[in-house]
Number of protein chains: 2
Amino acid sequence: MVTTAEKRHIVFIGAGNLATRLAVAWQQAGHDIRQVYSRTEASAQALASRLGCAATTRTEELCRDADTYLFAVSDKALEPLIDEVPAGDTALYLHTAGSMPMELLHKRFRQYGVCYPLQTLSKERTLSFDDIPLFIEGSSPEVTTDIRLLAQSISRQVMEATSEQRRYLHLAAVFACNFPNHLYAIAAEVMKKADLPFNLLLPLIGETAAKIKALAPIDAQTGPAVRFDDNVMQKQIALLDDPDEKEIYRLLSRHIHLFATTRQQHHHE
Amino acid sequence: MVTTAEKRHIVFIGAGNLATRLAVAWQQAGHDIRQVYSRTEASAQALASRLGCAATTRTEELCRDADTYLFAVSDKALEPLIDEVPAGDTALYLHTAGSMPMELLHKRFRQYGVCYPLQTLSKERTLSFDDIPLFIEGSSPEVTTDIRLLAQSISRQVMEATSEQRRYLHLAAVFACNFPNHLYAIAAEVMKKADLPFNLLLPLIGETAAKIKALAPIDAQTGPAVRFDDNVMQKQIALLDDPDEKEIYRLLSRHIHLFATTRQQHHHE
């Protein structure tokens, strides 16, 4: 739990997955979540009632006496909201977006920064923040120190990253999480077609994710594409009905082949 | 450990990842691995010396007194080898290929079947077979019983599957394992470009794989594509240099969007 001196009074701007998980974690760490803003009444109310704080759908009604204003909204919603939120001289303004530069906040605020969690967060899935890497950036060394304290109150993995590095982190996260998750969704459809339960794939999915703790992904690869087993690949493409899925199969297989023939040679140089 | 009555005398035809892991597991379970065949001298020797058994690169030299002959080779190598291996009346002939029908073995052998492990196996990564699902199929109920005993000597997850189901299992495995692993390899390159260590992604990769134990993959999805955050997607595509990677990004993002707008509606019907 944070000390009274460390305790922050936070307004959440946004009530989606990330806002929900962060607000719950900071509240549990002892911070005071003052208010939740969301454009959507139901979202604002849902998160506010979970936290026992006030909700609003109007930026004019935002509390002015908080010391921290945290933007946790989609990237396209961020810029218009920055223009609407009342600016205070002593408060800290933070955003949480991977692909948005910190300096977006400069035009309206004196003290500002970023706290970007590298994790996939869903409203209804409780997850300890302890091991979630939080990448922070501050508008001055003092501000960075404040953000670090706030971040360390929920995570043991707090690191500084520039806006430029954060863009790459966000891109890597899409390849490491969102895209693999979509391939799991396609695999689920394939299993359904054969009347087999999806959970038969769980040991395979778990091992694929665990293996790369010990082996570089390129060295961990197995399966028909890396063996150039064209016979199998053609038969597998024929089993897919969706032309987009056939194309995903072809493109990824070709690229696996490319990595195996070019990138591995680079390793051996 | 198997009893003397259950102990089988096995010849391995193939010395790759799958052959290595299966041979080690069966030997540890108390079976007798008689001989290893591989077209490649070095591979045959490497596995045979690990097991302390004989090696050969010539099918004419295969032991004739074993009771089990196990084909663990790439799908394209399987058919020609079936024609070369000496056929005995009482022995059991098994293949391990996901996409090959059991009946391939019919033309040469009397007792035959399949034992297909649904897992990604690398030569140098030791993995307990206990929880690896093994899908079996036999040419008769008696043969199926024999294969079941052999499979259960290393795994608690032994199930029957038809050749048709196995084709879908293999296809689902490519989407659940080989393709996600390749996306990890791309993510590793992206991290390198930003001078960030790959292991920062491990909590994210682990949680993505763990989340789907509780949520269907389609419900677990997060990130710019499912939010239709076109602004972020365009910026991320611009960060990629490789035109194939740009295309993989576009195609998967479009397909995530498609699933979110069509498949989820089906769920709610």
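All values derive from a computational prediction rather than experimental measurement.

Definitions and limits used
Residues numbered from 1 in each chain as written. Chains lettered and ligands numbered in written order. Predicted model: local features only at pLDDT ≥ 70, side-chain atom pairs only at ≥ 80, totals over all residues. Heavy atoms only, no water. Helix = DSSP H or I, 4+ residues; strand = E, 2+ residues; numbered from the N terminus. Buried < 20%, exposed > 50% of the residue type's maximum accessible area, 1.4 Å probe, protein only. Contact = heavy atoms within 4.5 Å. Areas by Shrake-Rupley, 256 points an atom, 1.4 Å probe, with all protein chains shown as cover. Lys, Arg positive; Asp, Glu negative; His and termini not counted. Charge placed at Lys NZ, Arg CZ, Asp CG, Glu CD. Axes fitted to C-alpha atoms, helices over the stretch in contact; angles between N-to-C directions. Parallel < 35°, antiparallel > 145°, perpendicular 65-115°, else oblique. Left-handed = near helix turned anticlockwise from the far one by under 90°. Nonpolar A, V, L, I, M, F, W, Y, C, P; charged D, E, K, R; others polar. Salt bridge = Lys/Arg side-chain N within 4 Å of Asp/Glu carboxyl O. Core = buried A, V, L, I, M, F, W, Y, C linked by side-chain atoms within 4.5 Å. Least-squares fit on C-alpha atoms with pLDDT ≥ 70 in both. Polar contact = N/O pair within 3.5 Å; in protein donor to acceptor, adjacent residues only side chain to side chain. Pairing = 2+ DSSP bridges. Right-handed = clockwise from strand over helix to strand, strands pointing away.

Undergrad: Would you explain the overall build of chain A in this entry?
TA: Within chain A, the regular secondary structure consists of nine helices and eight strands. The C-alpha extent of chain A, read off along each of the three principal axes, is 65 × 45 × 35 Å. Residues classed as buried in chain A amount to 57% of the 269 residues present. Of all intrachain contacts in chain A linking residues separated by at least 6 positions in sequence, the fraction that spans at least 24 positions is 54%. As displayed, chain A offers around 11100 Å² of accessible surface, 49% of which is attributable to carbon and sulfur atoms. With 28 positive and 33 negative side-chain charges, chain A shows a spacing of 3 Å between the two charge centroids.

Undergrad: In this structure, what is going on with the packing of helix 1 (residues 17-28) of chain B against helix 2 (residues 41-51) of chain B? I would like to understand it.
TA: The description of two packed helices rests on the angle between their axes and on the distance between the axes. Residue and element names in this part refer to chain B. Running from N to C, helix 1 and helix 2 point in directions that differ by 15°, and their axes come no closer than 10 Å. The orientation of helix 1 relative to helix 2 falls into the category roughly parallel. Crossing geometry of helix 1 relative to helix 2 is assigned as right-handed. Across from Ala-19, Thr-20, Arg-21, Ala-23, Val-24 and Gln-27 in helix 1, the residues of helix 2 making contact are Leu-47, Arg-50 and Leu-51. For the contact of helix 1 with helix 2, the residue count by class is five nonpolar, two polar and two charged.

Undergrad: Explain the pattern of salt bridges to me, please; I cannot follow it from the model alone.
TA: Side-chain pairs of opposite charge can arise whenever the charged atoms involved come near each other. Residue and element names in this part refer to chain A. Applying the stated rule across the entire model yields 29 salt bridges over all chains. The partner of Asp-32 in a salt bridge is Arg-34, with the nearest N and O atoms 3.0 Å apart. Residue Arg-34 pairs with Asp-65 through a salt bridge whose shortest N-O separation is 3.0 Å. Remark: Asp-65 occurs in the loop between strand 3 (54-56) and strand 4 (68-71) and Arg-34 occurs in strand 2 (residues 32-37); sequence separation between them is 31 residues. Take Arg-34: its relative accessible area is 27%, and that puts it in the partly exposed class.

Undergrad: Would you mind going over the nonpolar core with me for this structure?
TA: Soluble, globular proteins show a tendency: their nonpolar side chains are buried together. Among the nonpolar cores identified, the biggest contains 131 residues, and Phe-71, Phe-175 and Leu-201 of chain A together with Phe-71, Phe-175 and Leu-201 of chain B are the most heavily contacted of them. Sequence-distant contacts of Phe-71 of chain A, that is, excluding residues within four places in its chain, are made with Ile-13, Leu-78, Leu-81, Ile-82, Val-85, Tyr-93, Leu-94, His-95, Thr-96, Leu-105 and Phe-109 of chain A.

Undergrad: It is not clear to me how the relation of the copies chain B and chain A should be interpreted in this structure. Could you clarify?
TA: Note on the chain copies: they are related by a rotation about an axis and a translation along it. The two copies are related by a screw operation: chain B maps onto chain A through 180° of rotation and 0.0 Å of translation along the axis, at an RMSD of 0.0 Å. The transformation relating the two chain copies, once decomposed into turn and shift, fits a two-fold axis. It is Pro-180 of chain B whose C-alpha, among those of chain B, lies nearest the rotation axis, at 2.3 Å. A share of 100% of the interface residues of chain B reappears at the interface of chain A, consistent with the copies meeting face to face through the same patch.

Undergrad: Please clarify how the side chain of Arg-21 of chain A should be interpreted in this entry.
TA: Residues and elements named next belong to chain A. Note on placement: Arg-21 falls in helix 1 (residues 17-28). Judged by its relative accessible area of 3%, Arg-21 is buried. A distance of 3.5 Å separates the side chain of Arg-21 from the backbone oxygen of Arg-125, its partner in a polar contact. With sequence-adjacent residues up to four places away left out, Arg-21 is seen in contact with Arg-50, Leu-121, Ser-122, Lys-123, Glu-124, Arg-125, Thr-126, Leu-127 and Phe-129.

Undergrad: Sorry if this is basic, but what is going on with the interface of chain B and chain A here?
TA: By a frequent convention, interface size equals the accessible area lost on bringing the separate parts together. Contact residues are listed per partner, giving 93 residues for chain B and 93 residues for chain A. On inspection of chain B and its partner chain A, the count reaches three salt bridges. Note that Glu-207 of chain A is salt-bridged to Arg-125 of chain B, the shortest N-O span being 2.6 Å. Listed by contribution, the elements that provide at least two residues to the side of chain B that touches chain A are helix 3 (75-84), helix 5 (163-193), helix 6 (202-211), helix 7 (217-220), helix 8 (230-239) and helix 9 (243-268) of chain B. A total of 26 residues in the side of chain B that touches chain A trace back to one element, the largest contributor, which is helix 5 of chain B. Its residues assigned to classes, the side of chain B that touches chain A comprises 54 nonpolar, 19 polar and 20 charged.

Undergrad: Any chance you could explain the packing of helix 8 (residues 230-239) of chain A against helix 5 of chain B here in plain terms?
TA: Contact geometry of helix 8 of chain A with helix 5 of chain B gives a least axis separation of 10 Å together with a crossing angle of 95°. Accordingly, the angle class assigned to the pair helix 8 of chain A and helix 5 of chain B is roughly perpendicular. From helix 8 of chain A, Val-232, Gln-236 and Leu-239 of chain A reach across to helix 5 of chain B, where they touch Arg-167, Tyr-168, His-170, Leu-171 and Val-174 of chain B.

Undergrad: What's the story with the pairing of strand 7 (residues 134-138) of chain B in this structure? I'm lost.
TA: Side-chain direction in a regular strand flips from residue to residue, so the side chains alternate between the two faces of the sheet. Residues and elements named next belong to chain B. Counting buried positions along strand 7 yields five of five residues, so the element is predominantly enclosed. Side chains Leu-134, Ile-136 and Gly-138 project from strand 7 onto one buried face, and the interleaved Phe-135 and Glu-137 project onto a second face that is buried too. With five bridges joining them, strand 6 (residues 112-117) and strand 7 adopt antiparallel strand pairing. Pairing of Cys-115 across the sheet is with Ile-136, part of strand 7. Bridge analysis of strand 7 against strand 8 (residues 158-160) gives three bridges, and the strand direction is parallel. If you follow Leu-134 over to strand 8, its bridge partner there is Val-158. Note that the unit made of strand 7, helix 4 (residues 141-152) and strand 8 has a crossover that is right-handed.

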